[in-house]
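So you can see what is in the structure, the chains are spelled out below.
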Amino acid sequence: MWLKLVIGGVAGASLVGAALVLMFGLLGRPWDGRNLAERLGMPRPAIIAHRGASYLAPEETRPAFLLARELGASYLEFDIQRTQDGVLVALHDDDLSRTTNIAEIFPGRERDTVDTFTYAELQRLDAGTWFNLRHPARARSAFRDLKILRIEQILEIAESGSPRPGLYIETKAAHRYAGIERELVQLLTDRGWIQRGGAAMGARLVFQSFEPDSLARLKDLAPDVPRLLLVDEVMASEASWDGLVAQAAALGQGIGTWGARWALGPHWSKKLGGARYVATWPWYTGRAHRAGLIVHCWTVDDRWEMWMVAAGGADGIFTNRPEVARAAYGGDAPDLPRLWQRIGYP
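What this report covers is the structure whose coordinates are included nearby. (Residues numbered from 1 in each chain as written. Predicted model: local features only at pLDDT ≥ 70, side-chain atom pairs only at ≥ 80, totals over all residues. Heavy atoms only, no water.)

## What to know about empty space enclosed by the protein
- Applying the stated criterion to the full structure yields one cavity of 30 Å³ or more.
- The calculated volume of the largest cavity comes to roughly 90 Å³.
- Around the largest cavity, the lining residues are E59, E60, T61, A90, L91, H92, T99, T100, A127, W130, K147 and I148.
- Considered class by class, the residues forming the lining of the largest cavity number five nonpolar, four polar and three charged. (1 Å grid on protein atoms, 1.4 Å probe; cavity = no way out; pocket = protein on both sides within 12 Å on 5 of 7 lines; lining within 4 Å. Points joined across faces, edges and corners; volume = space filled by probe spheres on them. Nonpolar A, V, L, I, M, F, W, Y, C, P; charged D, E, K, R; others polar.)

## A look at the packing of aromatic side chains
- Under the defined criterion, the tally for this structure stands at 17 aromatic pairs.
- Relative to F318, the ring of Y168 has its centre 5.1 Å away and its plane inclined at 70 degrees; by these criteria the two rings are edge-to-face. Taken together, the residues Y168 in strand 4 (residues 166-171) and F318 in strand 9 (residues 316-319) connect sequence positions 150 residues apart.
- Grouped by ring-pair contacts, the aromatic residues W241, W258, W268, Y277, W281, W283 and Y284 constitute a single cluster.
- If you follow R98 out to its NZ or CZ, it ends over the ring of W130, 5.9 Å from the centre. (Phe/Tyr/Trp six-rings, centres within 6.5 Å; stacked < 30°, edge-to-face > 60°. Helix = DSSP H or I, 4+ residues; strand = E, 2+ residues; numbered from the N terminus. Lys NZ or Arg CZ within 6 Å of the ring centre and 35° of its normal.)

## Thoughts on the environment of D126
- By the element assignment, D126 lies in the loop between helix 6 (119-122) and helix 7 (129-134).
- For D126, a relative accessible area of 12% corresponds to the buried category.
- Residues D126 and R276, 150 residues apart in the sequence, show an inter-C-alpha distance of 36 Å.
- Only 3.0 Å separates the side chain of D126 from the backbone nitrogen of D145, close enough to count as a polar contact. (Buried < 20%, exposed > 50% of the residue type's maximum accessible area, 1.4 Å probe, protein only. Polar contact = N/O pair within 3.5 Å; in protein donor to acceptor, adjacent residues only side chain to side chain.)

## Remarks on the nonpolar core
- Ranked by internal contacts, the top residues of the largest apolar core, which has 107 residues, are L167, L188 and F207.
- Excluding residues within four positions of it along the chain, L188 makes contact with L155, L167, I169, W193, I194, L205 and F207. (Core = buried A, V, L, I, M, F, W, Y, C linked by side-chain atoms within 4.5 Å. Contact = heavy atoms within 4.5 Å.)

## Focus: the pattern of salt bridges
- As enumerated under the stated definition, the model contains 23 salt bridges in all.
- K172 is the partner of D79 in a salt bridge, and the nearest nitrogen-oxygen pair spans 3.9 Å. Here D79 is found in strand 2 (residues 75-82), whereas its partner K172 is found in the loop between strand 4 and helix 9 (180-190), with 93 residues between them in sequence.
- We classify D79 as buried; its relative accessible area is 0%.
- Among the residues examined, K172 registers a relative accessible area of 12% and is labelled buried.
- In this structure, D302 and R261 form a salt bridge, with 3.2 Å as the shortest nitrogen-oxygen distance. Pair noted here: D302 is in the loop between strand 8 (294-298) and helix 16 (303-311) and R261 is in helix 13 (residues 260-264), with a separation of 41 residues, a long-range link.
- One network of salt bridges, in which partners are shared, links R51, E59, D93 and R98. (Salt bridge = Lys/Arg side-chain N within 4 Å of Asp/Glu carboxyl O.)

## Quick look at helix 8 (residues 151-159)
- All buried positions along helix 8 are accounted for by I151, I154, L155, I157 and A158. Along the axis of helix 8, the buried residues cluster in a sector spanning 160 degrees; they form a single face.
- On its buried face, helix 8 is in contact with helix 4 (62-70), strand 2, strand 3 (88-90), strand 4 and helix 9. (Arc of directions from axis to C-beta.)

## Quick notes on the pairing of strand 4
- In terms of burial, strand 4 is largely enclosed, as six of its six residues are buried.
- Burial of strand 4 is two-sided: the residues G166, Y168 and E170 facing one way and the residues L167, I169 and T171 facing the other way are all buried.
- Bridge count between strand 2 and strand 4: six bridges; the pairing is parallel. Looking at the pairing, D79 lines up with E170 of strand 4. (Pairing = 2+ DSSP bridges.)

## Overview of the layout of surface pockets
- Roughly 1,500 Å³ of internal volume is contained in the largest pocket.
- For the largest pocket, the lining is made up of 45 residues, of which H50, R51, H92, W262 and H267 are closest to its centre.
- When contributions to the lining of the largest pocket are tallied by element, the ones reaching two or more residues are strand 2, helix 7, strand 4, strand 5 (205-209), helix 11 (233-238) and helix 13.
- Classifying every residue of the lining of the largest pocket gives 13 nonpolar, 13 polar and 19 charged.

## Some words on the side chain of S269
- With respect to the helices and strands, S269 occurs in the loop between helix 13 and helix 14 (270-273).
- Once residues within four sequence positions are removed from consideration, S269 is found in contact with E233, V234 and G274.

## Quick word on the pairing of strand 8
- Strand 8 sits mainly inside the fold: five of its five residues count as buried.
- The alternating pattern of strand 8 places I294, H296 and W298 on one face and V295 and C297 on the opposite face, and all of these are buried.
- Pairing geometry for strand 7 (residues 254-258) and strand 8, over five bridges, is parallel. Across the sheet, G256 pairs through a bridge with H296, a residue of strand 8.
- As paired elements, strand 8 and strand 9 share two bridges and run parallel to each other.

As structure tokens, this is what we get:
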């Protein structure tokens, strides 16, 4: 399917453009990625729904994950944190100020971290209205008063799909949550996503983290579950690219590289990361492939960049827009109104 995307991208291009695409492909060593994906049982290209279908619905909420499932995403991607009373929940940010109405419900606690709240307190928050206010063109009345999800609720969404999507789980701020890796592995084992003895259900389950220590713990606890080291410009400034690749290879089977959106965006750390650059160029991908690593790129939402990372040999993308990726990779354009009706959010 990568080949279809590349051919579509270069149709009508000049010979110079076609030669560049060929050069990109050679540098990116896509044949290595294809062999690695086959050996691991991973789909290629992998469409990893970043916090669900989070362009069209509030991130890491029920409609975001349901829609991503119905769109045929390879994986539902989410972050795990733990409440004060020990419940594993899906939330990306350290605090709740961006994606809930916490200032209204708990004034003065806007910047408190997730682990300072009980699960019951989190359930008092509205995790959907912010999306309607920020994105009025995509707003839905059914998004009002959505709730923060327990991990078990996301498992239920994945388990009830046909076909069932995989899970791509990030241990977020893992240094703050002693023992969270063991709790996660136990939960997934109890639910059948990890077999007794540590084997995963193929590659339908993948662990990821920016924290090498967390991946090392997951390697010890569930050695057969694929693991991917996420990297950013700060990590790259502290080690050479080859050093990051070697670290990723020691910890697992993949590396998560950043795309143009991060490299050109306002959150790039100029002070710690130095000059801006894009880590999805094929010379970076090829070096990772030579080291035996799958390459999944974050966060790719535009068709042109989907084409670019495909041409550069990458094996999949994290995307907020699985509906765009589905069409870009040769699938039918989704009937979104019908899908919204099907999942109960018309």
